[in-house]
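What follows is each chain in one-letter form.
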There are 2 protein chains.
Amino acid sequence: MLPGIMMHRPLRVSDILDFAAEIHPTGEVVSVMLDGSVHRISYQALHRRVARLAHALREMGVGPGDRVATLAWNTHRHFELYYAISGLGAVCHTINPRLSAEQFTYIVNHAGDRALFFDVTFAAQLAALRGSFPDEIEYVALCESGAVPEEMPDARAYDDLLEGQPDSITLPDLDENDACALCYTSGTTGNPKGVLYSNRSMVLHALMMANAEQNIFREGRRILPVVPLFHANAWGLPYTAPLAGASLVMPGMTLDGPSIFRLADREEVYSAFGVPTVWMSLLDEMDRQGRKPKGLGEVVTGGSAAPRRLVERFMVDYGVEVIHGWGMTETSPIGTLSCLPVHLRGRPVEERIDRTLLQGRRAFGFEMKIVDEDGNDLPWDGVSVGEYLVRGNGVVRGYYNNEAATKAAITPDGWFRTGDMASITPEGEMKIADRSKDLIKSGGEWISSIDVENMAMSHPAVANCAVIAVPHPKWVERPLLVVQRTPGTEAGAADLRAHVAANLAKWQVPDDVVFVDELPMTATGKVSKRTLRERYKDHPMDGAPG
Amino acid sequence: MLPGIMMHRPLRVSDILDFAAEIHPTGEVVSVMLDGSVHRISYQALHRRVARLAHALREMGVGPGDRVATLAWNTHRHFELYYAISGLGAVCHTINPRLSAEQFTYIVNHAGDRALFFDVTFAAQLAALRGSFPDEIEYVALCESGAVPEEMPDARAYDDLLEGQPDSITLPDLDENDACALCYTSGTTGNPKGVLYSNRSMVLHALMMANAEQNIFREGRRILPVVPLFHANAWGLPYTAPLAGASLVMPGMTLDGPSIFRLADREEVYSAFGVPTVWMSLLDEMDRQGRKPKGLGEVVTGGSAAPRRLVERFMVDYGVEVIHGWGMTETSPIGTLSCLPVHLRGRPVEERIDRTLLQGRRAFGFEMKIVDEDGNDLPWDGVSVGEYLVRGNGVVRGYYNNEAATKAAITPDGWFRTGDMASITPEGEMKIADRSKDLIKSGGEWISSIDVENMAMSHPAVANCAVIAVPHPKWVERPLLVVQRTPGTEAGAADLRAHVAANLAKWQVPDDVVFVDELPMTATGKVSKRTLRERYKDHPMDGAPG
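Reading the values: the criteria
Residues numbered from 1 in each chain as written. Chains lettered and ligands numbered in written order. Predicted model: local features only at pLDDT ≥ 70, side-chain atom pairs only at ≥ 80, totals over all residues. Heavy atoms only, no water. Helix = DSSP H or I, 4+ residues; strand = E, 2+ residues; numbered from the N terminus. Rg over C-alpha atoms; globule rule 2.2 N^0.38 Å. Buried < 20%, exposed > 50% of the residue type's maximum accessible area, 1.4 Å probe, protein only. Areas by Shrake-Rupley, 256 points an atom, 1.4 Å probe, with all protein chains shown as cover. Axes fitted to C-alpha atoms, helices over the stretch in contact; angles between N-to-C directions. Parallel < 35°, antiparallel > 145°, perpendicular 65-115°, else oblique. Left-handed = near helix turned anticlockwise from the far one by under 90°. Contact = heavy atoms within 4.5 Å. Nonpolar A, V, L, I, M, F, W, Y, C, P; charged D, E, K, R; others polar. Phe/Tyr/Trp six-rings, centres within 6.5 Å; stacked < 30°, edge-to-face > 60°. Lys NZ or Arg CZ within 6 Å of the ring centre and 35° of its normal. Least-squares fit on C-alpha atoms with pLDDT ≥ 70 in both. Buried area = accessible area lost by both parts, 1.4 Å probe. Salt bridge = Lys/Arg side-chain N within 4 Å of Asp/Glu carboxyl O. Polar contact = N/O pair within 3.5 Å; in protein donor to acceptor, adjacent residues only side chain to side chain. Pairing = 2+ DSSP bridges. Right-handed = clockwise from strand over helix to strand, strands pointing away. pLDDT = per-residue confidence, 0-100.

Undergrad: Explain the overall build of chain A to me, using residue names and the numbers behind them.
TA: A tally of regular secondary structure across chain A gives 16 helices and 25 strands. For 546 residues, the compact-globule formula gives about 24 Å, and the C-alpha radius of gyration of chain A, at 24 Å, lands near that figure. Along the three orthogonal principal directions, the C-alpha set of chain A runs to about 70 × 65 × 50 Å. Residues classed as buried in chain A amount to 63% of the 546 residues present. On chain A, roughly 19600 Å² of surface is accessible, and the fraction owed to carbon and sulfur atoms is 49%.

Undergrad: Can you explain the packing of helix H1 (residues 13–23) of chain B against helix H8 (residues 237–244) of chain B? Please cite residues and give values.
TA: All names here are of chain B. Put simply, H1 and H8 touch, their axes get as near as 8 Å, and they point 40 degrees apart. Relative to H8, the element H1 lies oblique. Helix-helix and strand crossings are classified by hand; for H1 and H8 the assignment is left-handed. Contact with H1, carried on its side by Val13, Ile16, Phe19 and Ala20, involves Tyr239, Pro242 and Leu243 of H8 and no other residues of that element. Taken together, the residues of the contact of H1 with H8 break down into seven nonpolar, no polar and no charged.

Undergrad: Any chance you could break down the packing of aromatic side chains for me, citing the residues and the numbers?
TA: One pass over the full model with this rule turns up 26 aromatic pairs over all chains. Each ring, one from Trp279(B) and one from Phe314(B), has its centre 6.2 Å from the other, and the planes form 75 degrees; the classification is edge-to-face. With a gap of 35 residues between them, Trp279(B) in helix H10 (residues 276–289) and Phe314(B) in helix H11 (residues 308–318) connect regions that are remote in the sequence. For Trp279(B), a relative accessible area of 0% gives the class buried. With a relative accessible area of 0%, Phe314(B) lands in the buried category. Each ring, one from Trp326(B) and one from Phe366(B), has its centre 6.2 Å from the other, and the planes form 50 degrees; the classification is tilted. In this pair, Trp326(B) is assigned in strand E14 (residues 321–327) and Phe366(B) in strand E17 (residues 366–371), connecting sequence segments 40 residues apart. A residue is classified by how much of its surface remains accessible, and Trp326(B), at 6% relative accessible area, is buried. Through pairs of rings, three or more aromatic residues link up here, namely Tyr43(A), Phe79(A), Tyr82(A), Tyr83(A) and Tyr239(A). Directly above the aromatic system of Tyr270(A) lies the positively charged group of Arg221(A), at a separation of 3.7 Å from the ring centroid.

Undergrad: So what's going on with the relation of the copies chain A and chain B? Residues and values would help.
TA: When chain A is brought onto chain B, the operation consists of a screw motion whose angular component is 180 degrees and whose axial shift is 0.0 Å, with 0.1 Å RMSD remaining. Expressed as an axis order, the relation between the two copies is that of a two-fold axis. Minimal C-alpha distance to the rotation axis in chain A is attained by Leu207(A), lying at 3.2 Å. Comparing contact sets, 100% of the residues at the interface of chain A also lie at the interface in chain B, consistent with an isologous, same-surface contact.

Undergrad: Describe the interface of chain A and chain B, listing the residues and the values that go with them.
TA: Counting residues at the interface gives 76 residues for chain A, matched by 77 residues for chain B. Regarding the contact of chain A and chain B, the summed buried area is about 6300 Å², with carbon and sulfur atoms giving 59% of it. Broken down residue by residue, the surface that chain A buries against chain B is led by Met6(A), Met7(A) and Phe364(A), which jointly contribute 14%. Put simply, chain A and chain B have 10 salt bridges between them. The partner of Arg200(B) in a salt bridge is Glu176(A), and the shortest N-O contact between them spans 2.8 Å. Along the contact surface separating chain A from chain B lie 40 residue pairs in polar contact (both at pLDDT 80 or more). Every element with two or more residues in the side of chain A that touches chain B is listed here: helix H1 (13–23), strand E9 (193–198), helix H7 (199–212), helix H8 (237–244), strand E16 (361–362) and strand E18 (386–392) of chain A.

Undergrad: Can you break down the pairing of strand E4 (residues 91–94) of chain A residue by residue, with the values?
TA: Residue and element names in this part refer to chain A. Every second residue of E4 is oriented toward a common face, with Val91 and His93 on one face and Cys92 and Thr94 on the other, all of them buried. Strand direction decides the pairing type here: strand E3 (residues 67–71) and E4, joined by four bridges, are parallel. Within the sheet, the bridge partner assigned to alanine 69 lies in E4 and is histidine 93. Crossover connection from E3 via helix H3 (residues 76–87) to parallel E4: handedness right-handed. In this sheet, strand E8 (residues 179–185) lies alongside E4 in parallel orientation, the contact comprising three bridges. In the strand pairing of E8, histidine 93 is matched with leucine 182.

Undergrad: Just give me the short version of the pattern of salt bridges, but keep the residues and values in it.
TA: Residue and element names in this part refer to chain B. Applying the stated criterion to the full structure yields 79 salt bridges over all chains. Linking arginine 266 and glutamate 267 is a salt bridge whose minimum nitrogen-to-oxygen distance equals 3.6 Å. Residue classification places glutamate 267 among the buried positions, given a relative accessible area of 4%. Among the ionic pairs, glutamate 312 bridges to arginine 308, the shortest N-O distance being 3.2 Å. Here arginine 308 and glutamate 312 lie together in helix H11, a separation of four residues that amounts to about one turn. Glutamate 312 gets classed as partly exposed once you look at its relative accessible area, which sits at 26%. Exposure remark for arginine 308: the relative accessible area of 26% places this residue in the partly exposed category.

Undergrad: Tell me what's going on with the confidence of the model for chain A, and back it up with residues and numbers.
TA: Scored by pLDDT, chain A has a mean of 94; 99% of the residues are at 70 or more. Predicted complex metrics record ipTM = 0.91 and pTM = 0.91.

Take a look at the structure:
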């Protein structure tokens, strides 16, 4: 081997904001604050505030490798924390406020956070939990001077912290492999597992994401992350947007359809990122107003499979493109995106919808394969379904202080087990069949809960639903459909089973349908199938499909 | 410090073509072959040919670290060599055929090439030189079976080499810092110096370039590299285009205005990359036909400063955007690009032209500064001129087997000395004042040869020109203008001096003007000021400016 003779400059998260401040001076972060007011700041001015915050963190004793937690909505302050903490070589640990008290306590202790920055709406929640946190944690409320909530009387005010600090800073020399951020997966079983991102992984992920979605990550574009900054780095947007010169429009804490519509409309947002439930609510508001928010061109949906109806409503009714993505906290998170290949962009809308329902093509630098139970590669034929394994600079090679979870997640030859089952078309478009644990094993055949759900969701009476496995003496497992009805509709079990039967194989049709007022949700906004499986494990199933 | 827990996957050049073949199957390389025929091939099919070539190279004994030379025009075969050689961990050494016999011999021996692939047009040149090359070099002619030129009778035919080879290959595991390519700078003094690129530097350069020119590097775009593949990696286009899903239209050996027009027009090229002399010739053809090539949207110009007239003709007469870039073989090569910030894109054309005449803003990952003679930072005020120093993953940290040159080029704190003098505006737009060695020191003032040349070039009688320093007993140096007249014009020395005097300070006006039939050029297509300085070192100068 002959080594090249080129400079080695560490890839660092802080370089992204340095770059945006210098090269994209009119790029900005617009935030809906917790009181509903709108705050605007340019990347240039943000760069100065980040320096001030970094000085303050240093005064608090935060140094390289220290974990600093955030419990906050999407606003410019949370964005500032991302960059100031990482810039110092410390680790920005974003906490999902929807975690259970038990999980919350676990991760603060497991991470060993030395400070915690919180939005004032979380003061009561925090006050109730802090007794089980390490004593030495310092608390900072994300508020103006004098506005610290009474539940957390010893907390300092964020604005006080920044007061009087110099607005430039010399950051430490970091290695590109040094950690910059930490995010726990809320996992449906066991304790949450920590994903410890490096500066290198985050910068490469941002560069690769910009290359994968060339139409969104452009100078001057306005991007709305409905996905929270505490959820897998808001899909990397706080890094990719400033890198590309795009602006961020931060929605704060109000994420209902009418609020998102108003914000996107007023700020002429080109692209918004979030989960399907958010889009359903936005679409209802669009229907109510009979128009799309001004300038909205593309919606990126992820977190769970997008129902066909969602894609149809955006693309057919409003001419808004839908990009369907796949990712996990463990993959930074973007792995694949359904951006249509250029030669298919002029195809009939039905074909474009079909392809958008796949999770799409891999980003450069992200590798994927599907394997059978013995680990043998399966063909990319659009039919073969196997365990979905991935690899890349944005993918974990283990969990923070968790050897058992690491061992279970990484194959001996270095691939990450996603826990998903997938197929891949000859064109390289990936389709998630199901989470492996949600697949229903019926008489030697696998039933994809997602396929059955998508079919059920196309019935107007179904507002939301889940298909789960119920143990069965003869067939091992059989599917049960759990439905949250669209208000004002009255379809019964027989109607819905007939609807599904019209489009799927007989053995795939759920044995029964139960109706619920509300589906149980996880902290990351997905239906908790674990809860449902527990609840219906003794549900009588006739085992006579069709 | 706390290391992140993410996978480390080497950034490798071969990954780019793997990606393009899989994700951009309709992307293609179109080549004008040496016989004028047009060859088309998709990235998918190219990927298979590259595998076959890599097998053949292995059979020839080429392994990691070996240098393999190319002497070739821009065609798909040259592109295949780039990827096959680098994929094996070997080093693709592109040779500029315009080098002098002495320089050519020097670099083949200095590089220690073990094979040399050549286009048949270079057979006679090679036959005359090979006696001074190492005996063990294997020669391959880029031609079909049976078409090996008689001047190189022992050469093998490229197509024979590929015949029967398998069209997939398992490449060796490379470290991302392993070398992938070698290019010598033709340097105006001393022997050429070798720049040894790494897989990491090349991949990061491609990602950064795609992010810097978001409008060109997009899936489906068609890009014409007039800049040769033997010249600083054709400005990175063989990497950046497939990464982004853009197609390449390779012009082969005919680079005159009418040929480039025809090709760009027929292939609906969106963007073309080359040096100012190429564009002048293309513009003449556009004037002749009274239109631009169909689909041409942007022209990227570099290598030497773009004259105002060139930018005006494209932008005003034809509505074609001009992107002015700066780079060097030592910087991969792209460092800055004049892409207008989004908030200035609607400005009046005169202002846009003014800004396009600057060399532009830095790409992400590329750092720059200007310093005074003591190495102190100078302000970015658009006025202060200093030595232009750069840093980044795409920048050399030394030359191949050349300690003296390395020492001279790198500052003690690790910046690369470009040899240029530059200013930088508060908006981060860089402007080259001159090569340091071309600056004219007149009575304690510096005169930028580029500024005076640009002014002279705006006179219709000046087809091309150079301003050089001539020693002067009183003023140390004084400028002399050397002009190649536009055919059919008759302006004299007094006319041209008056034209320059009308727009520049008195002391900047050349003392005299000499007219020549043709300006001497370097191997990279720039006016050789070294030759002119030697030729006119005793030219009588009156030292009475204005």
